[in-house]
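# Observations on the model geometry
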Amino acid sequence: MTLLTEFSTLLGLVVAGVVVVMLVVGGFLEILNARHPERRIQKDRINRRKWKELRQAPVSIVTLSACFAFGLFAQQQGWALVPLELSWWSGPLMLLVSVVLYDAWFYWVHRLLHSRPFYRFHALHHKSVAPTVWSNHHESFMEALLNQAYYALIVFILPIPWQVLILQKLYDQVSGMLGHAGFEHFASPAGRAPWPLASTVFHDQHHGAFRFNYGHTFSLWDRWMGTLHPRYDVILKSFEPGGEGADRPTKASEGR
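What comes next is a walk through the structure.

What counts, and at which threshold
- Residues numbered from 1 in each chain as written.
- Predicted model: local features only at pLDDT ≥ 70, side-chain atom pairs only at ≥ 80, totals over all residues.
- Heavy atoms only, no water.
- Helix = DSSP H or I, 4+ residues; strand = E, 2+ residues; numbered from the N terminus.
- Rg over C-alpha atoms; globule rule 2.2 N^0.38 Å.
- Buried < 20%, exposed > 50% of the residue type's maximum accessible area, 1.4 Å probe, protein only.
- Contact = heavy atoms within 4.5 Å.
- Polar contact = N/O pair within 3.5 Å; in protein donor to acceptor, adjacent residues only side chain to side chain.
- Phe/Tyr/Trp six-rings, centres within 6.5 Å; stacked < 30°, edge-to-face > 60°.
- Salt bridge = Lys/Arg side-chain N within 4 Å of Asp/Glu carboxyl O.
- Patch = residues over 30% accessible without salt bridge, like charges linked within 9 Å, V, L, I, M, F, W, Y side chains within 5 Å.
- Areas by Shrake-Rupley, 256 points an atom, 1.4 Å probe, with all protein chains shown as cover.
- Axes fitted to C-alpha atoms, helices over the stretch in contact; angles between N-to-C directions.
- Parallel < 35°, antiparallel > 145°, perpendicular 65-115°, else oblique.
- Left-handed = near helix turned anticlockwise from the far one by under 90°.
- Nonpolar A, V, L, I, M, F, W, Y, C, P; charged D, E, K, R; others polar.

### A few points about the overall build of the chain
Helix and strand content of the chain: eight helices and zero strands. Mapped from its N terminus to its C terminus, the chain presents α and β elements in the order α-α-α-α-α-α-α-α. Relative to its length of 256 residues, the chain is compact, with a C-alpha radius of gyration of 18 Å against a globular reference of 18 Å. Considering only C-alpha atoms, the chain reaches an extent of 60 × 40 × 40 Å along its principal axes. Residues counted as buried form 50% of the 256 residues belonging to the chain.

In structure tokens, the structure reads:
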């Protein structure tokens, strides 16, 4: 009972943290989007059911929190690898390695979810053809479990300090909501070739065109596997300072 009580307490703290991040980031992006309507990516589509998407958020949040809490708890109980002592080099190194590994995990799980046997677990998420910041948690239990199981398993593979794991999860939550925001506010050359980072346009195109852009943080897997939207770099560039993205219609479905 002691272990169960300790895990339940940790799970409650993680759930509370995720909810706070969701509300703060969601509120910030809602205000930013309202102030800059010209930054809308899919100007021909508006999601009029975005608030209804929050009905599924408790399932998603509890599932991802349970996976993350288990990883932390396994470390705490000595069941996992002994983490490296946090230092100026171990923290950044472990964060970089884990983010790269998670991007590979996310890409291939995402491809799996688009396969015929598994798509029924992903279909709910794709009801948001024009995603909003709240679409991040509009997913089924199985999708959330497959995506977030990484955090329950990585502590058995990588000696990552718990502080770094928390930082990565915070980044994961914020970037996930930003990727679904539907408005491109932070376009830069770092998000297109030859640089590896993704962007809000990147994931928005996945929702609009469905069969492109499966990655999370990086566009590398999509470039290597031939699943990058053919107009991704061009459209992202148009949203950069001096581009045309704010002045012309932009259809994420181009290239379907």
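### Some thoughts on the environment of His 206
Position of His 206 relative to the elements: it lies in helix 6 (residues 200–209). Using a relative accessible area of 0% as the deciding quantity, one classes His 206 as buried. Beyond its immediate sequence surroundings of up to four residues, His 206 is in contact with His 110, His 114, His 122, His 126, Phe 212, Asn 213 and Tyr 214. Of the polar contacts made by the side chain of His 206, one reaches the side chain of His 110; its length is 2.9 Å. Here the side chain of His 206 touches His 114 through a polar contact of 3.1 Å, side chain to side chain.

### A short note on the packing of aromatic side chains
Here the structure, examined in full by the defined rule, presents 18 aromatic pairs. Measuring from ring centre to ring centre gives 5.7 Å for Trp 51 and Trp 134, while their planes differ by 40°; the resulting arrangement is tilted. Here Trp 134 lies in the loop between helix 3 (90–113) and helix 4 (141–153) and Trp 51 lies in the loop between helix 1 (2–35) and helix 2 (57–76), a separation of 83 residues in the sequence. On the accessibility criterion, Trp 134 (7% relative accessible area) is buried. Aromatic pair Tyr 102 and Phe 106: ring centres 6.1 Å apart, planes at 50°, arrangement tilted. On the criterion of helical spacing, the pair formed by Tyr 102 and Phe 106 is a turn pair, its members being four residues apart in helix 3. We note that Tyr 102, like Phe 106, is buried. One aromatic cluster in this structure is built from Phe 68, Tyr 102, Trp 105, Phe 106, Tyr 150 and Tyr 151.

### Here we look at the pattern of salt bridges
Counted under the stated rule, the structure contains five salt bridges. A salt bridge links Asp 172 to Lys 169; its shortest N-O distance comes to 3.0 Å. Within this pair, Asp 172 and its partner Lys 169 are both found in helix 5 (residues 162–179), separated by three residues, close to a single helical turn. On the basis of relative accessibility, which here comes to 6%, the residue Asp 172 falls in the buried class. Ionic pairing is found between Arg 223 and Asp 233, a salt bridge with its closest N-O pair at 2.9 Å. Of this pair, Arg 223 sits in helix 7 (residues 220–225) while Asp 233 sits in helix 8 (residues 232–238); the two residues are 10 residues apart in sequence, bridging distant segments of the chain.

### Digging into a nonpolar patch on the surface
On the surface, a cluster of nonpolar side chains totalling about 580 Å² of accessible area is made up of Leu 3, Phe 70, Trp 79, Leu 153, Phe 156 and Ile 157. One can find Leu 153 in helix 4.

### So, the packing of helix 2 against helix 4
Packing of helix 2 against helix 4 leaves a shortest axis separation of 8 Å and a crossing angle of 20°. The angle between the axes of helix 2 and helix 4 places the two elements in the roughly parallel class. Where helix 2 crosses over helix 4, the handedness of that crossing is right-handed. Here Val 59, Ser 60, Thr 63, Leu 64, Cys 67, Phe 68, Phe 70 and Gly 71 of helix 2 lie close against helix 4, whose contacting residues are Phe 141, Ala 144, Leu 145, Gln 148, Ala 149, Tyr 151 and Ala 152. By residue class, the composition of the contact of helix 2 with helix 4 is 11 nonpolar, four polar and no charged.

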